[in-house]
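Structure at a glance
What follows is each chain in one-letter form.
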Amino acid sequence: MLTTHADEGLLVVLIYAFRDARGTWYGDPDAAIRDRQPGRGLLTLPRAAAGQAPGLFDGQRVEVLYAVCDLEASQTSYRLDKGDCFVASRRVHELLSPADQRVVTASAAAPDAATVSVEISSSRRRYSLHADILAEGRVELTVVVSTPDGVI
């Protein structure tokens, strides 16, 4: 859903926060919104398909807040349980998206592996994380953020 204001250009209604079944808020629940009251809805997240890494909230039903706000929009929209569809803020999408939930741990690597790597891409950025397992249980992390063209 898009709205326009003469002096502000094009603004988008975003899902900017959500609450899990335990009552914990995620995203930006204190974001400055331009509506008097945020919209509220329920979103049931699907389970990860076979062979895919599950997200933190797969299969859960979460309460979402949506409104016009100045947060960065993702390129992904979510259809609420009652059928309304809204774009998520970048932060909310990163939390809900299974592709962005690949957590690097030593147990995720093969027992004899020395390096674990994860890459996440969007149309505007590429994130590359390398975890090198060192002696005495230490881990060295290297994070590189670049444009899709490789500019760091």
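Residues numbered from 1 in each chain as written. Predicted model: local features only at pLDDT ≥ 70, side-chain atom pairs only at ≥ 80, totals over all residues. Heavy atoms only, no water.

**A look at the side chain of Arg90**
- Turning to its location among the elements, Arg90 is positioned in helix α1 (residues 90-96).
- With relative accessibility at 13%, the residue Arg90 sits in the buried group. (Helix = DSSP H or I, 4+ residues; strand = E, 2+ residues; numbered from the N terminus. Buried < 20%, exposed > 50% of the residue type's maximum accessible area, 1.4 Å probe, protein only.)

**Details of the nonpolar core**
- In terms of nonpolar packing, the biggest core is built from 17 residues, with Ile15, Phe18, Leu43, Val64, Tyr66, Leu80 and Leu96 touching the most fellow members.
- When near neighbours in sequence (up to four residues on either side) are disregarded, Leu43 contacts Gln60, Arg61, Val62, Val64, Tyr78, Arg79, Leu80, Asp81 and Leu96.
- Formed by seven residues, the second largest nonpolar core is a distinct cluster that contains Ala17, Ala31, Leu65 and Ala67. (Core = buried A, V, L, I, M, F, W, Y, C linked by side-chain atoms within 4.5 Å. Contact = heavy atoms within 4.5 Å.)

**Observations concerning the pattern of salt bridges**
- For the structure on display, the rule yields nine salt bridges.
- Close ionic contact of Glu72 with Arg90 constitutes a salt bridge, the shortest N to O distance being 3.4 Å. Pair noted here: Glu72 is in the loop between β5 (61-68) and β6 (73-79) and Arg90 is in helix α1, with a separation of 18 residues, a long-range link.
- Close ionic contact of Arg124 with Glu72 constitutes a salt bridge, the shortest N to O distance being 2.8 Å. With a gap of 52 residues between them, Arg124 in the loop between β8 (115-121) and β9 (126-133) and Glu72 in the loop between β5 and β6 connect regions that are remote in the sequence.
- The exposure class assigned to Glu72 is partly exposed, which follows from its relative accessible area of 32%. (Salt bridge = Lys/Arg side-chain N within 4 Å of Asp/Glu carboxyl O.)

**What to know about the pairing of strand β7 (residues 85-89)**
- Summarising the sheet, β6 and β7 pair through four bridges and their orientation is antiparallel. The partner of Ser77 across the bridge, within β7, is Val87. (Pairing = 2+ DSSP bridges.)

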